[in-house]
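Listed here are the chains, written in short residue letters.
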Amino acid sequence: MAPLNKLQERYDYICIGGGSGGVASSRRAASYGKKVALIESSPHLGGTCVNVGCVPKKIMWHAADLADRLRHASKGYHFENVPPPQFNWASFKPQRDAYIRRLNGIYEKNLEKEKVDYYGGTARLVSPNEVQITPSDGSEPYVIAGDYITVATGGRPTIPSDDQIPGASLGIDSDGFFDLEDQPKRVAVVGAGYIAVELAGVLHTLGSETHVLIRREHVLRTFDPILQDTLTPWMEHTGIKIHKNTSVIKVEGQKGGELTVHLNDGTQLKVDCVLWAIGRHANTEGVGLEELGIQLDKKGDVVVDEFQKALFVEGKPQLQNIFAIGDVQGKALLTPVAIAAGRRLSNRLFGPEKFKNDKLLYEDIPTVVFSHPTIGTVGLTEPEARQKYGSAVKIYKSSFRSLYFSQIEEEHKEPTVYKLIVVGEEERVVGVHIIGQGSDEVLQGFAVAVKMRARKQDLDDTVAIHPTSAEELVTLR
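Let us look at the structure shown here. A quick note: this is a predicted structure, and the numbers were derived from the prediction, not measured.

All right, on to the sheet that holds strand β11 (residues 259-263) then. In spatial order, the strands read β10-β11-β12; together these three strands make up an open sheet with antiparallel pairing. If you trace the sheet from one side to the other, it starts and ends with β10 (248-253) and β12 (268-271), each paired once. Averaged over all pairs of adjacent strands, the angle between their axes in this sheet comes to 20°, without regard to strand direction. Where β10 meets β11, five bridges bridge the pair, whose relative direction is antiparallel. Residue pairing for β11: Val-251 is matched across the bridge by Val-261.

See below:
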């Protein structure tokens, strides 16, 4: 479906942004028979997740995981004639990209099937009910109008300016990782969050010399301490070089050539690629938000209420028809969160009476980290739980190795650590934090249990599935 060009068209609902949240919300609104428009500025639908995030990242993780399995096959499991894995990045990238383009096409077909009008171009709010579209093909801007408008423009990676860190622009961000035509032999990943951990793990496992530069002692500092304390030393054990209490002073060299990274302790690193993974920020520039008086916080995120309605600065009327979902509103920057918020918003605005108060609750949201090994987490961390519930908190935990590693050499046996956080006499489960093989798949079911306010006894009353790692969560003592 080619993007449209319609002048002065009137809609029930306009979504600005064709990522996961915008597409989900627009399709849900259209399913209720509403006339819906969606505007996307990039050439491809799907946003960060489909194009430069979750999907291609997980594909790369699968490639890295397979490399590990091939290494284990010969020594541990006695398969013969298994050569050491040699990954061909240059030939794999076009295949991966072709799959992503296929997904883009599916997104377009789904919009067409739901009769959502798709506009290609940049959008700018010019009044509370009007959006100016500047078409991607360079033709003249035009305006469409809508009763309700949702901003779902997402976010993008943050890179220091060359004024902040000379030579910072010689590096790439997580988007640039997926543009790499060849695998870099030596990489410096700057950052301690999940994006840094995931991309560093992929690069290292596929054979790149990998340095991770972090400002403190551990990676994943916002996660439960047991995950930090387990993953950080294991990454080091596998050969990733973690530089702690470290910051970059400047970068020298030429893009595409050898780079010299100058660190705060006076040392230097020689690498072929610097990858900045230091955070993300919202795409709010040029959308016309501030001109309308829509409130942005100090990070540039749209401030919204519990129903995703955009709040306006003091002195401006609090309009009831403009909303924000997904990364642009700065809470829980996860694809399923944007989808859930977008669908609930459309349910409430256009759906039957039973959805009149539908909204997303931003608590007990599960998430995983595709590290090596993987991590799953939902609910409160131990410090958060103790701050909220004090001495009513009790911890159950277990450390072990997955049965898979029983046949693997000791130095390659990945750790598994499971932790339950419970509160009160009823021992209600308020946090589940797990690391180890398969944790990404294990977590979803236990997230349901946390959402349903399960007690430790409910887990105890569940018959274990043996032999699995997951059974440990229903047998903890």
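Before going further, it helps to spend a moment on the packing of helix α3 (residues 54-75) against helix α6 (residues 194-205). Angle between the axes and distance between the axes: these two values describe a pair of packed helices. Two numbers describe how α3 lies on α6: the axes approach to 9 Å, and their chain directions differ by 40°. Considering the angle they form, α3 stands oblique to α6. Relative to α6, α3 is oriented so that their crossing is left-handed. Judged by residue contacts, Lys-57, Met-60, Trp-61, Ala-64, Ala-67, Asp-68 and Arg-71 of α3 engage Glu-198, Leu-199, Val-202 and Thr-205 from α6. Its residues assigned to classes, the contact of α3 with α6 shows six nonpolar, one polar and four charged.

The next thing to look at is the environment of Ile-322. Its location among the elements puts Ile-322 in strand β15 (residues 322-324). The sequence separation of Ile-322 and Val-432 amounts to 110 residues, and the corresponding C-alpha distance is 36 Å. Dropping the residues within four chain positions of it, Ile-322 is found in contact with Pro-128, Ile-149, Leu-292, Ile-294, Lys-309, Ala-310 and Phe-312.

Right, let's get into the sheet that holds strand β13 (residues 273-276). If you walk across this open sheet you meet the four strands as β9-β8-β7-β13, and the pairing is parallel. Strands at the two margins of the open sheet, each flanked by one partner only, are β9 (241-243) and β13. The average undirected angle you get between the axes of adjacent strands in this sheet is 20°. Sheet analysis places strand β7 (residues 186-190) next to strand β8 (residues 209-213), joined by five bridges and oriented parallel.

Most of strand β2 (residues 36-40) is tucked away, with five of its five residues classed as buried. Burial along β2 is two-sided: the face carrying Val-36, Leu-38 and Glu-40 and the face carrying Ala-37 and Ile-39 are both buried. In this fold, strand β1 (residues 10-16) hands off to helix α1 (residues 20-31), which returns the chain to β2; that crossover is right-handed. Two strands pair when backbone bridges link them, and β2 and strand β3 (residues 117-127) are joined in this way by four bridges, in the parallel orientation. Each residue of the ladder has a partner; that of Ala-37, found in β3, is Asp-117.

Taken as a whole and assessed by the stated rule, the structure comprises 25 salt bridges. A salt bridge links Arg-96 to Asp-97, with the shortest nitrogen-to-oxygen separation between them at 3.2 Å. The buried category is assigned to Arg-96, whose relative accessible area is 2%. Where Asp-458 meets Arg-455, a salt bridge forms, and the shortest distance between an N and an O atom there is 2.8 Å. Overlapping salt bridges, with partners in common, bring together Lys-93, Arg-96, Asp-97 and Glu-181 in one network.

Cis rather than trans, the peptide bond between His-372 and Pro-373 has omega equal to 5°. Locating Pro-373 in the fold gives a position in the loop between β16 (367-369) and β17 (375-379). The omega torsion of the bond from His-466 to Pro-467 falls at -5°, within 30 degrees of zero and hence cis. Mapped onto the elements of the fold, Pro-467 is located in the segment after α12 (456-460). In this structure, Arg-453 takes a positive phi of about 60° despite not being glycine. Among the secondary structure elements, Arg-453 is positioned in the loop between α11 (439-451) and α12.

It is the contact of α1 with helix α4 (residues 89-113), at a shortest axis distance of 10 Å, that shows an interaxial angle of 20°. When the interaxial angle is binned, α1 and α4 end up roughly parallel. The handedness of the crossing between α1 and α4 comes out as left-handed. In this structure, α1 contributes Ser-20, Val-23, Ser-26 and Arg-27 to the contact, and α4 contributes Tyr-107, Asn-110 and Leu-111. When grouped by side-chain class, the residues that make up the contact of α1 with α4 number three nonpolar, three polar and one charged.

Look at helix α9 (residues 335-350): 22 Å from first C-alpha to last across 16 residues, which is about the 22 Å you get at 1.5 Å a residue. Along α9, the residues classified as buried are Thr-335, Val-337, Ala-338, Ala-340, Ala-341, Gly-342, Leu-345, Ser-346, Asn-347, Leu-349 and Phe-350. Looking at the buried positions of α9, the neighbouring elements they touch are β1, α1, α2 (47-52), α3, β5 (142-151) and β15.

In the structure shown here, the tally under the stated rule is 13 aromatic pairs. When the ring of Phe-400 is compared with that of Tyr-418, the centres are 5.4 Å apart and the planes differ by 85°; the resulting orientation is edge-to-face. Residue Phe-400 is found in strand β18 (residues 393-400), and its partner Tyr-418 is found in strand β19 (residues 416-423); the two are separated by 18 residues along the sequence. Per residue, the accessibility class of Phe-400 equals that of Tyr-418, and both read buried. By way of ring pairs, the aromatic residues Phe-87, Trp-89, Phe-92, Phe-177 and Phe-178 are connected into one cluster. Between the NZ or CZ atom of Lys-359 and the centre of the ring of Phe-307, over which it lies, the distance is 5.0 Å.

Turning our eyes to something else, we now look at the environment of Tyr-118. Looking at the secondary structure, you find Tyr-118 in strand β3. C-alpha separation for the pair Tyr-118 and Asn-347, spaced 229 residues apart in sequence, amounts to 21 Å.

If you trace the backbone, Lys-57 turns up in helix α3. Excluding residues that lie within four positions of it along the chain, Lys-57 makes contacts with Phe-178, Glu-198, Leu-199 and Phe-370.

Rules behind the numbers
- Residues numbered from 1 in each chain as written.
- Predicted model: local features only at pLDDT ≥ 70, side-chain atom pairs only at ≥ 80, totals over all residues.
- Heavy atoms only, no water.
- Pairing = 2+ DSSP bridges.
- Helix = DSSP H or I, 4+ residues; strand = E, 2+ residues; numbered from the N terminus.
- Axes fitted to C-alpha atoms, helices over the stretch in contact; angles between N-to-C directions.
- Parallel < 35°, antiparallel > 145°, perpendicular 65-115°, else oblique.
- Left-handed = near helix turned anticlockwise from the far one by under 90°.
- Contact = heavy atoms within 4.5 Å.
- Nonpolar A, V, L, I, M, F, W, Y, C, P; charged D, E, K, R; others polar.
- Buried < 20%, exposed > 50% of the residue type's maximum accessible area, 1.4 Å probe, protein only.
- Right-handed = clockwise from strand over helix to strand, strands pointing away.
- Salt bridge = Lys/Arg side-chain N within 4 Å of Asp/Glu carboxyl O.
- Expected span 1.5 Å × (residues − 1).
- Phe/Tyr/Trp six-rings, centres within 6.5 Å; stacked < 30°, edge-to-face > 60°.
- Lys NZ or Arg CZ within 6 Å of the ring centre and 35° of its normal.

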